[in-house]
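As a plain string of letters, each chain reads:
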Amino acid sequence: MVRFGFPLPLVRFRLVYFVHQVDYKIDFTMITKPLFNLHPKFHSHTEPQYGLYKLLHTTSSFISETDLNSLDSINRVNAHIRSLCEKPDSELLKAVSLFNKAIDANLVPSKPTFNFLFTAITKSRMYELASSVYNQMTRFQIPPSFPSLGSLLICFIHAQKPKLGVGVVGMIIKHGFTVNIFAMNLILKGFCQIGEVTKAMQLLREMDRNCITPNIISYNTIINGLCRTKKSDECINLMNEVEAKELAPNLVTCTTVMNCKEVGRTDVALSLLKEMNKKGCDANVVTYSTLISGFCDEGCLDKGKECFEEMLEKGIAPNVITYTCLLNNLCQIGKLREASELLSAMMERGIKPDVVLYTSMIDKLCKGGEATKAMELFSLMLQKGEDPSTVTYNVLINGLCKQGLVLDAIKLSKIMVKEGKKPSLVTFNTLMKGLCDKEKVNEAVELFELMFNGKTNVEPDVRTFNLLIQGLCEEDRLDEALEIYHKMDSYTIGNVVTFNALIGGYLKVGNIQKGMELWKRMLNLGLSPSSFTYSTLINGLCKLQMVSIAKGVFSKMTALLRISPRLFDCNALLVSLCKEGSTEQARKLFEGMKDLNCEPDAISYNIMINATLRAGDFKSARELLKEMIQRGLSPDSHTYSTFIYWFSKLGDLDEAKRVFEKMVSCGFKPNKFIYNSLLKGFYSDGEAEDIINLLHQMAKEGVVLDLELKATILLCLCHSVEDFDVKALPIFSKEVSKRKDISCSELLAELYKSYPELKLQAI
């Protein structure tokens with residue numbers, strides 16, 4: 001055992017100093033008072049003990065009154081309690097029952113018996129019983145022995161109260177006992193378990209200053225705590241400190257550092273492994289599995305496979321965890337064939353994959369958008385004789401629904417029932433969502449009716465109702481949605497999601513009165529509107545051109561309720577303000593978005609640029625574009641088309657052409673709107689050559705002529721015909737799907753029909 005190297009008064013001073021440093025005011029009377037307020041942790045290491053202390057005081061106790069009367073002396077009570085504790089099957093419950101009855105009969109056990117019983121119960125991890133015995137010790141002022149103080153320390157650590165553990169160390173010193181490294185490591189572990197790694201580090205430093213030299217277990221404990229709190233840099237620094245102190249890092253150190261789940265740290269762990277190999281510390285299956293898991297989490301499958309091969313070459317047999325890491329990663333990137341081969345190799349080594357592994361692999365495939373391959377793996381699972389669980393079916397059904405394969409999902413649910421697996425609420429809700437997402441709301445209604453009428457043995461919950469209400473509202477079937485809402489009363493109360501869907505649905509069809517009725521009903525039910533509720537109101541009101549009310553709702557949300565708006569809300573209001581000509585209000589909102597924790601995006605800038613150009617303020621529009629680029633937002637096709645449209649409309653064709661060329665050079669493909677804007681601009685300016693060049697470019701790009709674009713071309717030809725060489729005109733696709741062309745002659749023929757006075761004939 002390691003003793004403090006300082007005189008006792010100095011040691012006490014150092015301990016008190018540490019206690020104040022970690023903001024704890026330890027009163028030793030806390031340790032000697034009854035411990036009735038126990039942490040739930042006390043109940044986690046053995047069979048349920050709730051109310052066990054009360055049970056031991058009832059008439060149904062293990063020791064009868066007759067048995068107690070036969071123990072006519074304290075010595076016999078002490079001996080019998082000890083014998084019960086020392087039995088091979090350790091009859092501790094009987095011992096505690098006898099202990100309590102003896103006290104009730106005024107036969108108080110001796111000090112050694114108290115300590116012996118308390119220590120024995122703690123060793124059996126029956127912490128609630130231990131606390132009852134300790135309470136009796138404090139009641140009768142029985143001084144704890146050194147083993148009892150150690151047991152008390154263990155109790156506090158398991159109760160997640162390491163600060164009281166520090167107090168126990170003070171009691172150990174006070175009673176003249178030796179403080180050993182085991183006790184200090186327990187407290188370090190206690191602090192790390194509750195995430196207070198900084199306090200554990202402070203205690204580690206105090207140990208050094210008080211001549212209790214931390215060992216490798218001390219450092220491993222804190223390294224593990226740092227890893228769990230994702231402080232990988234501090235973890236590496238502490239490991240370097242271990243080496244500087246000439247404490248050889250062991251396999252636990254290495255594996256713990258490897259377990260630091262931080263992107264880019266696995267290479268550091270690999271270097272550490274190589275260093276340890278040089279020092280003769282060979283890695284085991286846990287070390288390699290941890291390293292492989294790290295590489296897989298970082299998406300470095302090739303490095304993970306290299307470690308796997310190295311592991312096999314060294315004769316280290318992989319376990320199910322090793323294979324699981326690789327298999328999950330292979331499934332995640334869609335390499336089902338390679339995963340299947342590895343699965344076979346795994347089985348050849350006698351490691352049989354269980355339903356949990358198969359389900360995990362299927363889940364990875366589904367999340368990677370590979371539901372079809374997930375079905376293949378599911379078939380392989382059946383071939384290997386593994387019985388899928390309800391969770392397996394649910395995961396696969398969800399994956400199929402997300403990829404729009406709802407019919408396949410329904411077929412699978414029928415197979416599930418046929419195989420004797422009962423679909424859960426998750427199964428039905430997943431199918432419900434899949435059907436609504438694929439606009440198969442009628443089928444969703446049928447499924448709901450089966451659940452509602454008790455034909456599935458699964459009752460719908462609030463999510464079931466909400467999914468169907470949302471699906472019906474999307475199709476403007478509001479009467480049916482309201483009927484489903486009224487059916488909720490017999491099952492559950494609607495929540496905010498319910499009202500969001502209904503309010504949004506009624507505003508969408510312009511029924512503001514019904515929307516507001518539902519809003520009031522939601523408030524009367526005591527439901528607090530969410531940011532999405534306000535967003536639904538603002539968007540709906542803006543679309544109904546009720547901008548003043550929308551502004552009021554926005555102000556209430558941001559100023560009174562302190563709810564941060566969504567970017568979508570701000571953009572919707574910006575558009576509405578600009579449409580009604582309130583450009584100055586729109587500008588103030590735009591400039592205030594940053595203060596609302598809602599940074600403007602490219603759409604926000606496009607809205608303001610369009611409004612500024614409409615007002616003819618080209619200078620401010622260019623400044624907005626410059627600001628947009630400075631903030632790291634790249635102009636998109638809409639930005640370019642806005643500038644081209646207004647430059648063309650206002651006659652600045654040179655600038656319009658410059659923006660057009662910039663747009664093409666940036667890889668954006670001009671749309672019909674842009675071509676139409678330029679043609680009209682060239683026509684207004686009488687630029688016949690520019691019109692011809694643009695028409696050729698349009699034909700080269702395969703632009704399909706719609707009615708509006710064709711009308712613009714005819715307009716250009718009509719009023720500038722003397723400048724055109726008809727043979728120079730290109731041929732355009734009429735409809736790509738039909739692969740037919742409309743030629744210049746056909747254009748002239750249509751022009752002749754519209755303007756016969758021009759006497760234009762096709763050549």
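Keep in mind that this is a model prediction, so the values were computed, not measured. (Residues numbered from 1 in each chain as written. Predicted model: local features only at pLDDT ≥ 70, side-chain atom pairs only at ≥ 80, totals over all residues. Heavy atoms only, no water.)

## What about the environment of L567?
Here is step 1: Secondary-structure assignment places L567 in helix α33 (residues 567–579).
Here is step 2: With a relative accessible area of 26%, L567 lands in the partly exposed category.
Here is step 3: Excluding residues that lie within four positions of it along the chain, L567 makes contacts with M593, C598, E599, P600, D601 and S604. (Helix = DSSP H or I, 4+ residues; strand = E, 2+ residues; numbered from the N terminus. Buried < 20%, exposed > 50% of the residue type's maximum accessible area, 1.4 Å probe, protein only. Contact = heavy atoms within 4.5 Å.)

## Observations regarding helix α39 (residues 672–685)
Here is step 1: For α39, built from 14 residues, the straight-helix expectation of 20 Å at 1.5 Å per residue is met to within 8% by its first-to-last C-alpha distance of 20 Å.
Here is step 2: Buried within α39 are the following residues: I674, Y675, N676, S677, L678, L679, G681 and F682.
Here is step 3: If you check the start of α39, you find a side-chain oxygen 3.2 Å away from the backbone N of F673, and it comes from N671. (Expected span 1.5 Å × (residues − 1). Polar contact = N/O pair within 3.5 Å; in protein donor to acceptor, adjacent residues only side chain to side chain.)

## Some words on the side chain of S218
Here is step 1: Turning to its location among the elements, S218 is positioned in helix α13 (residues 216–228).
Here is step 2: Side-chain polar atoms of S218 contact the side chain of N185, separated by 2.5 Å.
Here is step 3: Apart from residues lying up to four places away in sequence, S218 is in contact with I181, N185, L188, L204 and M207.

## Remarks on the packing of aromatic side chains
Here is step 1: For the coordinates displayed, the defined rule picks out 17 aromatic pairs.
Here is step 2: Between F378 and Y393 the ring centres are 5.5 Å apart and the planes differ by 65 degrees, which places this aromatic pair in the edge-to-face class. In this pair, F378 is assigned in helix α22 (residues 371–383) and Y393 in helix α23 (residues 390–402), connecting sequence segments 15 residues apart.
Here is step 3: By relative accessible area, F378 is classed as buried at 4%.
Here is step 4: According to the relative accessible area criterion, Y393 is buried, its value standing at 2%.
Here is step 5: Aromatic side chains Y640 and F668 sit 5.6 Å apart centroid to centroid with 50 degrees between the ring planes, which places their arrangement in the tilted category. (Phe/Tyr/Trp six-rings, centres within 6.5 Å; stacked < 30°, edge-to-face > 60°.)

## Some remarks on the confidence of the model for the chain
Close inspection of predicted coordinates is inappropriate for parts of the model with low pLDDT.
Here is step 1: Summarising the model, the chain shows a mean pLDDT of 80, and 82% of its residues fall at 70 or more.
Here is step 2: Note that pLDDT drops below 50 for residues 736–740; the model gives that stretch five contacts with residues more than four away or on any other chain. (pLDDT = per-residue confidence, 0-100.)

## Regarding the nonpolar core
Taken as a class, soluble globular proteins show a tendency for nonpolar side chains to be buried jointly.
Here is step 1: Membership of the largest hydrophobic core comes to 203 residues, with the highest contact counts inside it found for I222 and M698.
Here is step 2: When residues of this core are assigned to their parent elements, the largest contribution, eight residues, is made by helix α11 (residues 181–193). (Core = buried A, V, L, I, M, F, W, Y, C linked by side-chain atoms within 4.5 Å.)

## Points about helix α10 (residues 162–174)
Here is step 1: The end-to-end C-alpha separation of α10 is 19 Å, in line with the 18 Å expected for 13 residues at 1.5 Å each.
Here is step 2: Burial runs high along α10: 11 of the 13 residues are buried.
Here is step 3: Listed in full, the buried residues belonging to α10 are P162, L164, G165, V166, G167, V168, V169, G170, M171, I172 and I173.

## Focus on the state of the cysteines
Here is step 1: All told, the structure shown has zero disulfides when counted by the stated rule.
Here is step 2: Free cysteine: C296, not disulfide-bonded; nearest cysteine sulfur from C325 at 5.9 Å. (Disulfide = S-S within 2.5 Å.)

## Structural notes on the packing of helix α5 (residues 74–86) against helix α6 (residues 92–104)
Here is step 1: Relative to each other, α5 and α6 sit at 160 degrees, their axes nearing to 8 Å. With respect to each other, α5 and α6 are oriented roughly antiparallel. α5 and α6 meet at a crossing whose hand is left-handed. Residues V77, H80, I81, L84 and C85 of α5 form the contact with α6, whose participating residues are L92, K94, A95, L98, F99 and A102.
Here is step 2: Each residue belonging to the contact of α5 with α6 can be placed in one class, and the counts come to nine nonpolar, one polar and one charged. (Axes fitted to C-alpha atoms, helices over the stretch in contact; angles between N-to-C directions. Parallel < 35°, antiparallel > 145°, perpendicular 65-115°, else oblique. Left-handed = near helix turned anticlockwise from the far one by under 90°. Nonpolar A, V, L, I, M, F, W, Y, C, P; charged D, E, K, R; others polar.)

## Side note on the pattern of salt bridges
As a working rule, side chains carrying opposite charge can pair if their charged atoms are close by.
Here is step 1: Taken as a whole, this structure holds 19 salt bridges when the rule is applied.
Here is step 2: Linking E599 and R631 is a salt bridge whose minimum nitrogen-to-oxygen distance equals 2.1 Å. You can see E599 sitting in the loop between α34 (583–592) and α35 (602–614) and its partner R631 sitting in the loop between α36 (618–630) and α37 (637–649), a full 32 residues away along the chain.
Here is step 3: The class of E599 is partly exposed, set by a relative accessible area of 45%. (Salt bridge = Lys/Arg side-chain N within 4 Å of Asp/Glu carboxyl O.)

## What about the packing of helix α29 (residues 496–508) against helix α30 (residues 512–524)?
Here is step 1: Where α29 meets α30, the axes come as close as 7 Å, and the angle between the chain directions of the two elements is 165 degrees. What the angle tells us is that α29 and α30 run roughly antiparallel. Seen from above, α29 lies across α30 with left-handed handedness. Every residue of α30 that contacts α29 at F499, L502, I503, Y506 and L507 is listed here: I512, K514, G515, L518, W519, R521 and M522.
Here is step 2: For the contact of α29 with α30, the class distribution of residues is nine nonpolar, one polar and two charged.

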